[in-house]
Amino acid sequence: MQRVRSASVTVEASGHHAAINEGLLVLLGVMQGDTEADADWMAGKIARLRIFRDDEGRMNRSVEDIKGSVLMISQFTLAGDCRKGNRPSFVATADPPVGEALYERAIGALRRLDVPVEVGEFGGDMQVELVNDGPFTVMIER
């Protein structure tokens, strides 16, 4: 997850384009064993993590607090295991139907929290652009 001043995605095949201003670019990788409860928990964490500056310059505000947006991108390559050899192994990645269902669940959970969400395309060939604020990048795992 990256705190951004702006971010956008363009999907190669369909021409779909989505963009946000201040908020979070979330690269979501779904692993084998992840559940709907994990997707709901992740959405809550994304919405409420206090990583934006308050009036005194301290990281004390969430994307909810600043009325920011989220750009959610599916990225199975986050599950890549590079410990052996020179080619990542993706055996820990959730099967595509499960991954897509949990990706959609996380998006829906964020929207139910009234966080504006823009999206890429699950499994699509996408070009992502961002202006990272900080830079500030964190990994969230449950």
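Residues numbered from 1 in each chain as written. Predicted model: local features only at pLDDT ≥ 70, side-chain atom pairs only at ≥ 80, totals over all residues. Heavy atoms only, no water.

Draft legend 1. Here's a closer look at the pattern of salt bridges. Under the criterion given, the structure shown has 8 salt bridges. Its salt-bridge partner being Glu 36, residue Arg 105 comes within 3.3 Å of it at the nearest N-O pair. Taken together, the positions of Arg 105 in helix 2 (residues 96-112) and Glu 36 in helix 1 (residues 36-48) put the pair 69 residues apart, joining distant regions of the chain. Overall, Arg 105 belongs to the partly exposed group, its relative accessible area being 28%. Overall, the relative accessible area of 47% leaves Glu 36 in the partly exposed class. (Salt bridge = Lys/Arg side-chain N within 4 Å of Asp/Glu carboxyl O. Helix = DSSP H or I, 4+ residues; strand = E, 2+ residues; numbered from the N terminus. Buried < 20%, exposed > 50% of the residue type's maximum accessible area, 1.4 Å probe, protein only.)

Draft legend 2. Region of the structure containing the packing of aromatic side chains. With the rule as written, the count across this model stands at 2 aromatic pairs. Look at Phe 76 and Phe 90: their rings are 5.1 Å apart centre to centre, the planes differ by 65°, and that puts the pair in the edge-to-face class. Remark: Phe 90 occurs in the loop between strand 6 (69-74) and helix 2 and Phe 76 occurs in the loop between strand 6 and helix 2; sequence separation between them is 14 residues. Overall, the relative accessible area of 48% leaves Phe 76 in the partly exposed class. The class of Phe 90 is partly exposed, set by a relative accessible area of 32%. Consider the rings of Tyr 103 and Phe 122, whose centres lie 5.8 Å apart with planes at 45°: the pair is tilted. (Phe/Tyr/Trp six-rings, centres within 6.5 Å; stacked < 30°, edge-to-face > 60°.)

Draft legend 3. Spatial organisation of the packing of helix 1 against helix 2. In the contact formed by helix 1 and helix 2, the axes pass within 8 Å of each other and the chain directions differ by 45°. Taken as axis vectors, helix 1 and helix 2 run oblique relative to one another. As for how helix 1 packs across helix 2, the hand of that crossing is right-handed. In contact with Glu 36, Ala 39, Asp 40, Ala 43, Ile 46 and Ala 47 of helix 1, helix 2 contributes Leu 102, Arg 105, Ala 106, Ala 109, Leu 110 and Arg 112. Partitioned by chemical class, the residues of the contact of helix 1 with helix 2 number 8 nonpolar, no polar and 4 charged. (Axes fitted to C-alpha atoms, helices over the stretch in contact; angles between N-to-C directions. Parallel < 35°, antiparallel > 145°, perpendicular 65-115°, else oblique. Left-handed = near helix turned anticlockwise from the far one by under 90°. Contact = heavy atoms within 4.5 Å. Nonpolar A, V, L, I, M, F, W, Y, C, P; charged D, E, K, R; others polar.)

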